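Read off the chains here:
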2 protein chains.
Amino acid sequence: MDFQFLSDTILFREIPSDGIQSLLACFGTERKTFPKNSMIFHAGSPIHFIGIVLSGSIHIEHNDLWGNTSILDRIGPGNVFAEIYACMPGEPLMVDVVADEPSEIFFLNTSRLFQVCTPSCPHHQQLIRNLLSITVQKNLNLSRRIFHTSSKTIRGRLLSYLSFQALQHGSSTFSIPFDRQQLADYLSVDRSALSHELSKMQKDGLLTYRKNKFILKDKVHRFH
Amino acid sequence: MDFQFLSDTILFREIPSDGIQSLLACFGTERKTFPKNSMIFHAGSPIHFIGIVLSGSIHIEHNDLWGNTSILDRIGPGNVFAEIYACMPGEPLMVDVVADEPSEIFFLNTSRLFQVCTPSCPHHQQLIRNLLSITVQKNLNLSRRIFHTSSKTIRGRLLSYLSFQALQHGSSTFSIPFDRQQLADYLSVDRSALSHELSKMQKDGLLTYRKNKFILKDKVHRFH
DNA sequence: TCCTTTTTGTTGTTATAACAACATACAAAC
DNA sequence: GTTTGTATGTTGTTATAACAACAAAAAGGA
């Protein structure tokens, strides 16, 4: 089987092909496809696999006791999920992992992650280093989500989120990876209230939009 | 100088004293005390140091453009902060780090963190491993904060937070590490509205409280 | 193409939180 | 003890979002 595609993932960055081969042999793997909206992991399950998105796209969501859904993150090809839980054996998953579209997922069994296979195996160590980079990056993503939801008004949340998107795209014209419902879940607000606020903001001349494509007007730039 | 105290920190777990000595020599350190409410790090600064709380207690907060403060985390003795930014050179700090009380902080220069000092120096590698554990743990903390603020009502947020605290303490009687204002900032709600909701919940027989000590009644247990 | 389904936007009503201003309680300093 | 300051609780008003129900638009399939 050809594992060339893994060379392009962040998890295996800087690890040569033969190193990847030996790591995979050491850990054990699985490859699986999921239809749109199917559950990849359920909240509550113990997790022994890191997931890597090969194609498609997934998201991490939390459903509380009242049925509110909130979206924590969105993960595209080449990226990794559930690594937190794989690093904390016994910690039950607090979130659901759901496919946004038909997606192919590669699973890496991590039971042996913290056992060094041979003393100071350099590939294993690079893998740990890569995992550190990934969790640090996720940390930033979670922090950002917190910042975007710290405003008490919908408008404030939208301005925080959209102006960050503009910054990241390096342009005031950009597309976002969410539809309205998902954006509402990400910002922890009601969808129809979100639509309503967006159209008010458009009336106020702050931005124009069409579906998930936005253009921020100069007025917004005062906000950072 | 005696660095024995570092043996008890998560960051240096499983590293023998002589290993710690050589790591410190490799990295460079600093030790400093901060008065109550003083800023340890300012948002916007580039960070080259991991901070370790030796005594006292600090918190991480975010202040948005409208002056809303939200608290992301609270860090006590033996624990580490700013490690995310130390791992991402160039990423400017998005938060303020503030001392809750007079605190002594140990700083570790991390410019050389990702350079292996000597090929496969085992202490260095254990340090990276420990850092991974720490960031993974922080990830869970951030996720939890998101869950506690995902409810749209103050009561829902309080129930989520308080029942988690009870679970963690293994008892329905427990103290929380926040005063009212900090709890309000952690849950992203108005302080007076929080006080109001708490006294309503007390009237409704869900809990009793006095200052930061809470007793949850059986009714609450339906919530998980 | 038409029909069906999904997504997005609109409106009105109601619940809830924010905000402001003040009262009370508690703690610290003198 | 008294004074000062800080933390917490209370009340009333206002702004805002949630919610529900529906309309319109877009997308996907037959």
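Scroll up to find the structure this text is about.
Residues numbered from 1 in each chain as written. Chains lettered and ligands numbered in written order. Predicted model: local features only at pLDDT ≥ 70, side-chain atom pairs only at ≥ 80, totals over all residues. Heavy atoms only, no water.

(A) Representation of the relation of the copies chain B and chain A. Superposition of chain B onto chain A requires a rotation of 180° combined with a translation of 0.0 Å along the rotation axis, giving an RMSD of 0.0 Å. What we have between these two chains is a two-fold relation. (Least-squares fit on C-alpha atoms with pLDDT ≥ 70 in both.)

(B) View of the environment of P77 of chain B. All names here are of chain B. As for its placement among the helices and strands, P77 is situated in the loop between β5 (69–75) and β6 (80–81). For P77, a relative accessible area of 51% translates into the label exposed. Between the C-alpha atoms of P77 and D179, which are 102 residues apart in sequence, the distance is 19 Å. (Helix = DSSP H or I, 4+ residues; strand = E, 2+ residues; numbered from the N terminus. Buried < 20%, exposed > 50% of the residue type's maximum accessible area, 1.4 Å probe, protein only.)

(C) Up close: the protein's contact with DNA strand D. Around DNA strand D, the structure places 19 residues, and the nearest of them are I154 of chain A together with R180, S195, S199 and Y209 of chain B. Of all DNA strand D atoms lying within 4 Å of any protein atom, the proportion belonging to sugar or phosphate reaches 65%. Within the side chain of S192 of chain A, an N or O atom sits 3.5 Å from a base nitrogen of DNA strand D. Measuring from a phosphate oxygen of DNA strand D, one finds a side-chain N or O atom of S195 of chain B at 2.9 Å. Contributing elements (two or more residues each) for the surface near DNA strand D: α6 (191–203) of chain A together with α6 (191–203) of chain B. Ranked by the residues each element gives to the surface near DNA strand D, the list is headed by α6 of chain B, at five residues. For the surface near DNA strand D, a count of residues per class yields four nonpolar, seven polar and eight charged. (Near = heavy atom within 4 Å. Polar contact = N/O pair within 3.5 Å; in protein donor to acceptor, adjacent residues only side chain to side chain. Nonpolar A, V, L, I, M, F, W, Y, C, P; charged D, E, K, R; others polar.)

(D) Here's a closer look at the pattern of salt bridges. Applying the stated criterion across every chain yields a total of 14 salt bridges over all chains. Measuring nitrogen to oxygen at the nearest pair gives 3.6 Å for the salt bridge that ties R144 of chain B to E91 of chain A. With one member in each of two chains, R144 of chain B in helix α3 (residues 122–148) and E91 of chain A in the loop between α2 (83–87) and β7 (96–99) form a pair that bridges those chains. What makes R144 of chain B buried here is its relative accessible area of 11%. Given the relative accessible area of 22%, E91 of chain A is considered partly exposed. Note that D204 of chain A and R155 of chain A form a salt bridge whose closest N and O atoms lie 2.8 Å from each other. Note that D204 of chain A is positioned in the loop between α6 and β10 (207–210) and R155 of chain A in helix α4 (residues 154–169), a separation of 49 residues in sequence. Taking the relative accessible area as the measure of exposure, R155 of chain A reaches 22% and is therefore partly exposed. Sharing partners across several salt bridges, the network here consists of R155, E197, K200 and D204 of chain A. (Salt bridge = Lys/Arg side-chain N within 4 Å of Asp/Glu carboxyl O.)

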